[in-house]
Protein chains: 2
Amino acid sequence: MNTPASFNVATDIVVFTIRADTLNVLLIERAGQPFKGSWALPGGFLNNDEGLDQCAARELAEETGVGDVYLEQLASFGDPGRDPRGGVVSVAYFALVPADEHALRAASDAASARWFAFDDLPELAFDHAVILHAAHARLKAKLDYSTIAFCLLPAEFTLSNLQTVYEIIKAETLDKRNFRKWVLALDVLQETGEKRVEGAHRPAMLYREKNPGTIKIIR
Amino acid sequence: MNTPASFNVATDIVVFTIRADTLNVLLIERAGQPFKGSWALPGGFLNNDEGLDQCAARELAEETGVGDVYLEQLASFGDPGRDPRGGVVSVAYFALVPADEHALRAASDAASARWFAFDDLPELAFDHAVILHAAHARLKAKLDYSTIAFCLLPAEFTLSNLQTVYEIIKAETLDKRNFRKWVLALDVLQETGEKRVEGAHRPAMLYREKNPGTIKIIR
DNA sequence: ACAAAAGTGTTTCAAATACACCCATGT
DNA sequence: ACATGGGTGTATTTGAAACACTTTTGT
């Protein structure tokens, strides 16, 4: 048997958040070749002494300042020619950032990092459009069988906030009474006892997760 | 920015089949170092001119003679130290082989290929035990929301055959009438009109998939 | 008083579950 | 005739879906 081919292994991260009642994705403008000036997913190359999850978390922090968020491996992409430099295999991740943490940073090989509305995206470098849509499909599917959507909200939120997250991602309206019945029956929320006054209407009860950061698989 | 580290990228494949009413996994005995003589998942290194799926299919055919089966990417594993040679990232796949195709071949770097009962496995090389259990979890979960189980049966099969597959993988018994009602309501099966005589009892109607090889997502 | 979002129950329908007997065949 | 797995229907329970009005606040 001959010696195996060498590759650079990268991680690319699809970072979702909710901003102004729309689903947003974090993109960086590429500072170097190839695709200089194009928008791309944040990410970068794997080092010898780190694992894949670690690499994704590190690149995300370095390039965008986003840290300590939900991060899950999505899939790997290795078609020859997906990177014009050749020999690059990418392990894609997706991340969920709470709706209130939008402070971004640009650094190292990323000229700038910006949020884009999911349904108004620019042309993307490499095969990143494919990766992005795979991530969206996964997110949408996971709403139905996990409590992953909670990661898109701050620690305290109203049931209406939560319902809005579901409605945005599923792109359909939900019945308020049925939604509340369903989510409360999951037995993962507790009332804080506090209310949030916000505008000229009745204040809403604030809730928090019983086990913050724990994703529950439903059914 | 410094130049990125180099890796060898491998695919490892968890091949499931049903034999003698048990779930079986295909393992190869390693012919070379490291872990020479240990049992491991079939798989091998990615070439420069092929995609990941292609690599998995090729390695499977080369090492075991298994070809033209259901093959799906599972996840990637890249912890430093998962391979004592260092710098090896593995993209894991899982495959499903119909219950009647068990002809195996040993070749190249695999001394021999053998089926093992899933609940009587030997010690495995590398992190292959972790990969294998991830594959099993995925298979089990996918039974509930897809018609993937059909890939474990030959083209023509009885409803009892199918029920047995579900019972083996889910490790629970199912009600015969409810199972048949459910599977027929999926509207993916058609009667062949033929019956299979097998032993001292009433012959069973044979069915086939309406769209062979098409995995339907349920719900 | 009005606008705007919060909060709250019941009825209807569909799907999942529980459950027991007769049928066709080989020996 | 008997042993073996194949084949079939109904009643019950459970969860999902449809649906409208009252409450609390700010202006």
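Residues numbered from 1 in each chain as written. Chains lettered and ligands numbered in written order. Predicted model: local features only at pLDDT ≥ 70, side-chain atom pairs only at ≥ 80, totals over all residues.

## So, the domain arrangement of chain A
Residues and elements named next belong to chain A.
Piece 1. The domain architecture assigned to chain A consists of domain 1 (8-138) and domain 2 (148-209).
Piece 2. A separation of 28 Å is found between the C-alpha centroids of domain 1 and domain 2.
Piece 3. Facing the 10 residues of domain 1 at the interface are nine residues of domain 2.
Piece 4. Those elements giving two or more residues to the side of domain 1 that touches domain 2 turn out to be β1 (8-19) and β2 (22-30).
Piece 5. The residue inventory of the side of domain 1 that touches domain 2, partitioned by class, reads six nonpolar, two polar and two charged. (Domains from an automatic or database assignment. Contact = placed C-beta atoms within 7 Å. Helix = DSSP H or I, 4+ residues; strand = E, 2+ residues; numbered from the N terminus. Nonpolar A, V, L, I, M, F, W, Y, C, P; charged D, E, K, R; others polar.)

## Things to note about the protein's contact with DNA strand C
Piece 1. For DNA strand C, the set of nearby residues contains 23 residues, the closest of which are S160, R177, H201 and M205 of chain A together with A200 of chain B.
Piece 2. Only α3 (159-170), α4 (176-185) and β9 (204-209) of chain A together with α4 (176-185) of chain B provide two or more residues apiece to the surface near DNA strand C.
Piece 3. Looking at the surface near DNA strand C, the element that brings in the most residues is α4 of chain B, giving five residues.
Piece 4. Of the residues contributing to the surface near DNA strand C, the split by class is eight nonpolar, six polar and nine charged. (Near = placed C-beta within 6 Å.)

## Remarks on the relation of the copies chain A and chain B
Piece 1. Expressed as a screw operation, the relation of chain A to chain B combines 0.0 Å of axial shift with a rotation of 180 degrees, fitting to an RMSD of 0.0 Å. Classification of the inter-copy transformation places it as that of a two-fold axis. Looking at the rotation axis and the C-alpha trace of chain A, the residue lying nearest is F7 of chain A, at 2.6 Å.
Piece 2. Taken as a fraction of all interface residues of chain A, those also at the interface in chain B reach 100%, which identifies the copy contact as same-surface. (Least-squares fit on C-alpha atoms with pLDDT ≥ 70 in both.)

## Some words on the nonpolar core
Piece 1. Grouped together as the largest cluster of nonpolar side chains are 93 residues, with contacts concentrated most on V14 and V15 of chain A together with V9, V14 and V15 of chain B.
Piece 2. Sequence-distant contacts of V14 of chain B, defined by excluding residues within four places in its chain, comprise V25, L41, A92, F94, I131, L132 and A135 of chain B. (Core = buried A, V, L, I, M, F, W, Y, C linked by C-beta atoms within 7 Å. Buried ≥ 20, exposed ≤ 12 C-beta atoms within 10 Å, placed from the backbone.)

## Quick word on helix α1 (residues 52-64) of chain A
All names here are of chain A.
Piece 1. An ideal rise of 1.5 Å per residue puts 18 Å on 13 residues; α1 measures up with 18 Å between its terminal C-alpha atoms.
Piece 2. Three or more residues of α1 are buried, namely L52, C55, A56, A57, E59, L60, E63 and T64.
Piece 3. Directly beyond the C-terminal end of α1, a positive phi value near 80 degrees is found at G65. (Expected span 1.5 Å × (residues − 1).)

## Some points on unusual backbone geometry
Residues and elements named next belong to chain A.
Piece 1. Each neighbour pair has its own omega, and for Q33 with P34 the value is -10 degrees, a cis peptide bond.
Piece 2. One can find P34 in the loop between β2 and β3 (39-40).
Piece 3. Non-glycine residue A20 carries a positive phi angle of around 50 degrees.
Piece 4. Relative to the helices and strands, A20 resides in the loop between β1 and β2.
Piece 5. A count of 8 C-beta atoms within 10 Å places A20 in the exposed class.
Piece 6. Backbone geometry at D187 places phi at a positive 60 degrees, although glycine is not the residue there.
Piece 7. Topologically, D187 is positioned in the loop between α4 and β8 (189-196).
Piece 8. Owing to 9 C-beta atoms within 10 Å, D187 belongs among the exposed residues under this scheme.

## What to know about the interface of chain A and chain B
Piece 1. Across the contact, 26 residues belong to chain A and 26 residues belong to chain B.
Piece 2. Secondary-structure elements contributing two or more residues to the side of chain A that touches chain B are β1, β5 (70-77) and β6 (88-96) of chain A.
Piece 3. Tallying contributions element by element places β5 of chain A first for the side of chain A that touches chain B, with three residues.
Piece 4. Residue composition of the side of chain A that touches chain B, by class: 12 nonpolar, 10 polar and four charged.

## A look at the protein's contact with DNA strand D
Piece 1. Lining the immediate surroundings of DNA strand D are 21 residues, of which R202 of chain A together with S160, R177, H201 and R202 of chain B lie closest.
Piece 2. Contributing elements (two or more residues each) for the surface near DNA strand D: α4 of chain A together with α3 (159-170), α4 and β9 (204-209) of chain B.
Piece 3. Top contributing element to the surface near DNA strand D by residue count: α4 of chain B, with four residues.
Piece 4. When the residues that make up the surface near DNA strand D are grouped by side-chain class, the tally is seven nonpolar, six polar and eight charged.

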